[in-house]
Amino acid sequence: MKTENAFAELGLAPSATEIEVKAAWRRLVSQWHPDRNDHTGAVARMQRINDAFRVIRRSGFAAASGDAKHAAPRTEESPDAHATHAADPQRRTVSRKIKLTLEEAAAGCTKVLQGQVTDSCSTCTGLGYRLPGGTCPQCEGSGEVRQAAWFGWAQARVPCEGCGGSGESKPACPDCHGTGKLAPRRYKITVRTPLGVRDGDLLHVDGRRTRSSQIHVDLHLRVDVLKHAFFELEPDGTIRCDMPVDGFAWIANRSITVPTLGGPQPLQLDRDRLSYRLKHQGLPVERRGPRGDQLVTVRPMFPERLSTDQDILLDQLIAASAGADGQATDERLRAWNQAMTAWQKDRVKRDTAHR
Ligand SMILES: [Zn+2]
Ligand SMILES: [Zn+2]
């Protein structure tokens, strides 16, 4: 039987998914089972249905599926999605995430990734039972059993639990002991990430160049850069860092310690500036390109309430900023104060003229 004919036998289009194929097979088997179907062609039809299922199974459900979600046998116990490699059936491609800190993304890092690959049993295509099965011994192929009657009620017939109502027994597959899955095989790969990778980048690791324990896997990795406690990364590789600083230390032009990707660094404060640029402390914009800068914005913090000592010291500071003539010593302040005095005099003069 050709694959196209097999699909037609089950009443399906060749694009039917594995789930659709199995559902159609179960439906037809329960309909055409010779024990329940008196039709003269029932035995032959039953044979064709099972043959069709076997042909489709052999051709692989991947070919029978346009939906990637159902294309390859998947497992639930690990987040890994894996597919058989076309050229080498012992080779798998595993898609997974690799989580990096911003520091690791910037400088590149080495990570050991491990996980497991669980394949569906090829003997039973993951069903867990042998095909075709015999007649269900619990219901003798009828698909129904008599339920123990309640007082005053007629005996009801309910679907047989042994066969799910199909009338067909499902002997456990000997190769997978009825689980439908093969024993998981572990892999362990050392991955070296390149410098300057970004969140969402895709990396491919050829498993042939790395050690893997029980199975050969290639990795499709999606980079997941973790949120940093201090830094915001801009698309151009600039790293922004907003940080509070002691307001008095800022006024006093003191040196502070700022975080950078490479570790803590000293920064000389300047009381005329709130923004500082640290050259080449960001991420490269392009691979192997020059690194962006880090922009540090400081927020001077002053106490909400001054202590008596601080109040006295500030009074001294304000007094000291006036010259011997009682005027401000700073040129800009002196010019402003003179302009204010002139403006006020002018107002008084005009007020008098209007009366
Ligand atoms: Zn099996
Ligand atoms: Zn049964």
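Structure: above.
Presented here is a report on the structure given in the accompanying data block.

Rules used throughout
- Residues numbered from 1 in each chain as written.
- Chains lettered and ligands numbered in written order.
- Predicted model: local features only at pLDDT ≥ 70, side-chain atom pairs only at ≥ 80, totals over all residues.
- Helix = DSSP H or I, 4+ residues; strand = E, 2+ residues; numbered from the N terminus.
- Buried ≥ 20, exposed ≤ 12 C-beta atoms within 10 Å, placed from the backbone.
- Contact = placed C-beta atoms within 7 Å.
- Pairing = 2+ DSSP bridges.
- Expected span 1.5 Å × (residues − 1).
- Arc of directions from axis to C-beta.
- Core = buried A, V, L, I, M, F, W, Y, C linked by C-beta atoms within 7 Å.

**Here's the deal with the overall build of the protein chain**
Argument step 1. When helices and strands are tallied, the protein chain shows eight helices and 14 strands.
Argument step 2. Among the 355 residues that make up the protein chain, the fraction classed as buried is 20%.
Argument step 3. Considering only residue pairs separated by 6 or more positions, the protein chain has 59% of its internal contacts joining residues 24 or more positions apart.

**Re the sheet that holds strand S9 (residues 232–233)**
Argument step 1. As summarised here, the arrangement of the four strands in space is S9-S10-S14-S13, forming an open sheet in which the pairing is mixed. Two strands lie at the open edges of the sheet, namely S9 and strand S13 (275–278), each paired on one side alone.

**Quick word on helix H2 (residues 18–32)**
Argument step 1. The end-to-end C-alpha distance of H2 is 21 Å, a good match for the 21 Å that 15 residues give at a rise of 1.5 Å each.
Argument step 2. All of the buried residues along H2 are Glu 18, Val 21, Ala 24, Trp 25, Leu 28 and Trp 32. Taken down its axis, H2 places every buried residue within 130° of arc, on the same side.

**Some points on the nonpolar core**
Argument step 1. Leu 102, Ala 105, Val 217 and Leu 219 are the most contacted members of the largest nonpolar core, which totals 20 residues.
Argument step 2. Going through the elements one at a time, strand S2 (91–100), helix H5 (102–107), strand S6 (185–192) and strand S8 (216–225) are the ones with two or more residues in this core.
Argument step 3. Element by element, the count of residues in this core is highest for S8, at four residues.
Argument step 4. Not counting the four nearest positions on each side in its chain, Leu 219 is found in contact with Val 94, Arg 96, Leu 113, Ile 189, Val 191, Val 205 and Gly 207.
Argument step 5. Judged by nonpolar contacts, the second largest core, of 14 residues, contains Ala 6, Leu 28, Ile 49 and Ala 52.

**Examining the environment of Arg 96**
Argument step 1. As for its placement among the helices and strands, Arg 96 is situated in strand S2.
Argument step 2. For the pair Arg 96 and Leu 219, spaced 123 residues apart in sequence, the C-alpha to C-alpha distance is 7.4 Å.

**Thoughts on the pairing of strand S10 (residues 239–246)**
Argument step 1. Of the pairings in the sheet, the one linking S9 to S10 comprises two bridges and is antiparallel in character. Residue pairing for S10: Leu 233 is matched across the bridge by Ile 239.
Argument step 2. Taking the residues between adjacent antiparallel strands as the criterion, S9 and S10 are bridged by five residues, where Gly 237 takes a positive phi near 90°.
Argument step 3. Here S10 runs beside strand S14 (residues 294–301); their pairing, made up of eight bridges, is parallel. Counted as the bridge partner of Cys 241 is Val 296 from S14.

**Here's the deal with the environment of Gln 265**
Argument step 1. Tracing the sequence through the fold places Gln 265 in strand S12 (residues 263–268).
Argument step 2. By the C-beta count within 10 Å, which is 14 here, Gln 265 ends up partly exposed.
Argument step 3. Note: C-alpha distance between Gln 265 and Leu 278 (13 residues apart in sequence) is 9.9 Å.
Argument step 4. Those residues in contact with Gln 265, other than ones at most four positions away along the chain, are Val 258 and Thr 260.

**Quick word on helix H8 (residues 331–354)**
Argument step 1. Along its 24 residues, H8 runs 35 Å from first to last C-alpha, staying within 8% of the 34 Å computed at 1.5 Å per residue.
Argument step 2. Burial within H8 is sparse, with just zero of its 24 residues counted as buried.

**A look at unusual backbone geometry**
Argument step 1. At Thr 125, a residue that is not glycine, the phi angle is positive and equals roughly 50°.
Argument step 2. Counting through the fold element by element, Thr 125 comes out in the loop between strand S3 (110–117) and strand S4 (144–146).
Argument step 3. Even without glycine at this site, Asn 253 takes up a positive phi of about 55°.
Argument step 4. In this structure, Asn 253 sits in the loop between helix H6 (247–251) and strand S11 (255–260).

**Focus on the environment of Asp 206**
Argument step 1. The topology assignment puts Asp 206 in the loop between strand S7 (202–205) and S8.
Argument step 2. Along the primary structure Asp 206 and His 216 are separated by ten residues, whereas in three dimensions their C-alpha atoms are 9.6 Å apart.

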